[in-house]
Amino acid sequence: MLLEAPIVRIPGRAAVDRAKIELERRLGPSKVLTSADACGPYASDDSDVGGRPPDAVVLATSAADVTVALEVAEACEVPVTPRAGGTGRTGGAVPVAGGIVLATHALARIKDIDRANLIAVVEPGVITGALHDAVEREGLFYAPDPNSLESCCIGGNLAENAGGPRAFKYGVTRDWVLGLEACLMGGRKVRTGKRTVKGVTGYDVTALLVGSEGTLGVFTEATLRLVPRPPTVATALALFTDVRAAAETVGAIVTAGIVPRCLEMLDAATLDAVRAAGVAVDLRAGAMLLVEVDGDAAESALERLGEVASQRAGCIDVVVAQDAGQRDRLWAARRMLSKATRKLARHKLSEDIVVPRTRIVDLLARMDAIGESTGVRHLTYGHAGDGNLHVNFLWNDDSERPAVDRAIGLLMHATVELGGTLSGEHGIGVSKASYLHLEQSAELIALQRDIKRAFDPKDLLNPGKIFPTDGAHRAC
Ligand SMILES: Cc1cc2nc3c(=O)[nH]c(=O)nc-3n(C[C@H](O)[C@H](O)[C@H](O)COP(=O)(O)OP(=O)(O)OC[C@H]3O[C@@H](n4cnc5c(N)ncnc54)[C@H](O)[C@@H]3O)c2cc1C
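First things first, this report covers the structure right here in the doc. Note that the coordinates shown come from a computational prediction; the quantities given were computed from them, not determined experimentally.

1. Here's the deal with helix α10 (residues 298-310)
Helix length check: α10, at 13 residues, gives a terminal C-alpha distance of 18 Å against a target of 18 Å (1.5 Å per residue), a fit within 8%. Taken residue by residue, α10 has A298, A301, L302, L305, G306, V308 and A309 as its buried positions. Seen from one end, α10 has its buried residues packed into an arc of 165°, which puts them on one side. Structural note: α10 exposes E299 and E303 on the side pointing more than 90 degrees away from its buried face. Check the buried side of α10 and you find it contacts β12 (233-240), α8 (243-255), β14 (287-294) and β15 (315-320).

In structure tokens, the structure reads:
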């Protein structure tokens, strides 16, 4: 959703050449890519944000490499864009000013899994799913589970404060971070936070760095909180005639005092995409809730949940997964939604707005009106338990793009009017920077810019992200 390219300072040729020579001298040529072919893959992420091809890519394999890259970048006044798995949805890892991409995916060691203290110490390039596997082998559990977990990395999760289906019960990445090691522009290294469960010393810089979208520092290590792996997990599907009935059931489940770990909702168009991808779904269903409960009382919680759902108007059926294989198949269907819906049109943009749970029905009604007034095709699925919905816009022809941008603008307005927030997990990046003022006051944006200046006075670390770059507060 790029209304306008961000206005950023492009480094001069002489500065870039100096930086390349210095990086190669200090890191060795094997860690510094400079050819257009080699740098090309680092120009984009999983958004439609267009950047400039980077002038150089540093393939860091140690914290010391990160320090060198940030020292050289500051000395030569060349911008740096940190990168991990490249699955970001708002252009966070896109080098909009060119310069250096600092790739951290090869910093991929799980340094420690401490069962007695329930912590893991990891590097930023660890794939999220690999961390799950490693801690679960030890009988432990790390909850944040973005649906991209097979390809995104902990570094990107930290920078975006990633969430996932399990956030309803267990919270998002920030809730699982005890401490960080980060490198700041110029190469200064800071260790923040703690390795203990409690600790309130000083400002909570850890919480500030998590979700800072690669604009304040580059993570080189994280100390993460773990819990014992829940002994039992139970999963069920509830099928409804329409999405309104499904959305109202979300509220009824929560009011009944049931806390599922996941409470996902799919609308009719999404179900059609799932069917088209070969997954059999009852043809009467126009919406689905996918719910999962865990803990000692999982079975009885699921039973109660089934009772609540089946008593609601519009409920067609509640189907409980009978074994782990069936559960895995249900989740595989959920995780392939992004790919399945992408096949519906030549272009797709996925938003990640959040509204209070009680306003989901209103948001869906507003989306129908927006679709009608702009003529843009859309579908919605997502983490309904916490009100975090992926509203997807679909179009085939480039001439439809202005209408899509209008629809997105209207969605952002509606979200804020309903008491919601622009992003539940993808971050603001480039894509949503021009909408920030809808949610945040000029004073709050100015305060955040001051914080950014304290960390990075020359605005060289991931410029063009989060804040509108033209200084204006635009209406959309
Ligand atoms: C199919 C699909 C499903 C998705 N589902 C979810 C979901 O359920 N929940 C969710 O939250 N997101 C989801 N996402 C979005 C994306 O996967 C997340 O934002 C993820 O956290 C990005 O991680 P990454 O390693 O790919 O980061 P990248 O895309 O490489 O970077 C993301 C941001 O992190 C910064 N960054 C990267 N490494 C570092 C570092 N070492 N230090 C400092 N900053 C750094 C970058 O500068 C950038 O701003 C999905 C994406 C896809 C493609």
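There is more to say, and it comes next.
2. Quick word on the sheet that holds strand β1 (residues 32-33)
Pairing in this open sheet of four strands is mixed, and the strands run β1-β2-β4-β3 from one edge to the other. Two strands close off the open sheet at either side, each with one partner strand: β1 and β3 (80-83). Here β1 runs beside strand β2 (residues 56-59); their pairing, made up of two bridges, is antiparallel. Bridge pairing in β2 links V32 to V58. Relative to the sheet, helix α3 (residues 63-76) contacts β2, β3 and β4 (100-103), its axis offset from that of β4 by approximately 165°.

3. With respect to the sheet that holds strand β5 (residues 110-114)
Pairing is antiparallel across the open sheet formed by five strands, whose spatial order is β5-β6-β10-β8-β9. With one partner strand each, in any of the chains shown, β5 and β9 (189-193) form the two edges of the open sheet. Taking the axes of each pair of neighbouring strands and ignoring which way they run, one obtains an average angle of 10° across the sheet. In this sheet, strand β10 (residues 218-225) lies alongside strand β8 (residues 177-183) in antiparallel orientation, the contact comprising six bridges. Residue pairing for β10: L180 is matched across the bridge by A222. Where helix α4 (residues 128-137) meets the sheet, its contacts fall on β5, β6 (119-122) and β10, and the angle it forms with β5 comes to roughly 35°.

4. Details of the site of the ligand
Surrounding the ligand, one finds 35 residues, the nearest of these being P82, A84, G86, T87 and S148. Between T87 and the ligand, the recorded distance is 2.6 Å, taken from a side-chain N or O atom to an oxygen atom. A distance of 2.9 Å is found between a nitrogen atom of the ligand and a backbone nitrogen or oxygen belonging to G163. In the complex, 95% of the free accessible area of the ligand, which totals 970 Å², lies under the protein chains. Residue assignment for the shell around the ligand shows that the elements contributing at least two residues are β3, α5 (154-160) and β10. Element by element, the count of residues in the shell around the ligand is highest for α5, at five residues. For the shell around the ligand, the residue count by class is eleven nonpolar, 18 polar and six charged.

5. Digging into α8
For α8, built from 13 residues, the straight-helix expectation of 18 Å at 1.5 Å per residue is met to within 8% by its first-to-last C-alpha distance of 19 Å. All of the buried residues along α8 are V243, A245, A246, A247, T249, V250, A252 and I253. Two or three places before R244, at the opening of α8, D242 has a side-chain oxygen 3.1 Å from that residue's backbone nitrogen. G257 lies just past α8 and shows a positive phi near 85°.

6. Some details on the nonpolar core
By size, the foremost hydrophobic cluster in this structure holds 56 residues, and its most contacted members are M265, L289, L363 and F393. Listing elements by their share of this core, those giving two or more residues are β12, α8, β13 (262-266), β14, α10, α13 (360-374), β19 (388-395) and α14 (401-417). Considering every element that reaches this core, the biggest residue donor is α8, with seven residues. Those residues within four positions of L289 in sequence are excluded, and the remaining contacts are A236, L237, A238, F240, A246, T249, V250, I253, L263, E264 and M265. Among the nonpolar cores identified, the runner-up in size contains 27 residues, and V126, L140, I154 and A182 belong to it.

What counts and what doesn't
- Residues numbered from 1 in each chain as written.
- Predicted model: local features only at pLDDT ≥ 70, side-chain atom pairs only at ≥ 80, totals over all residues.
- Heavy atoms only, no water.
- Helix = DSSP H or I, 4+ residues; strand = E, 2+ residues; numbered from the N terminus.
- Expected span 1.5 Å × (residues − 1).
- Buried < 20%, exposed > 50% of the residue type's maximum accessible area, 1.4 Å probe, protein only.
- Arc of directions from axis to C-beta.
- Contact = heavy atoms within 4.5 Å.
- Pairing = 2+ DSSP bridges.
- Axes fitted to C-alpha atoms, helices over the stretch in contact; angles between N-to-C directions.
- Near = heavy atom within 4 Å.
- Polar contact = N/O pair within 3.5 Å; in protein donor to acceptor, adjacent residues only side chain to side chain.
- Areas by Shrake-Rupley, 256 points an atom, 1.4 Å probe, with all protein chains shown as cover.
- Nonpolar A, V, L, I, M, F, W, Y, C, P; charged D, E, K, R; others polar.
- Core = buried A, V, L, I, M, F, W, Y, C linked by side-chain atoms within 4.5 Å.

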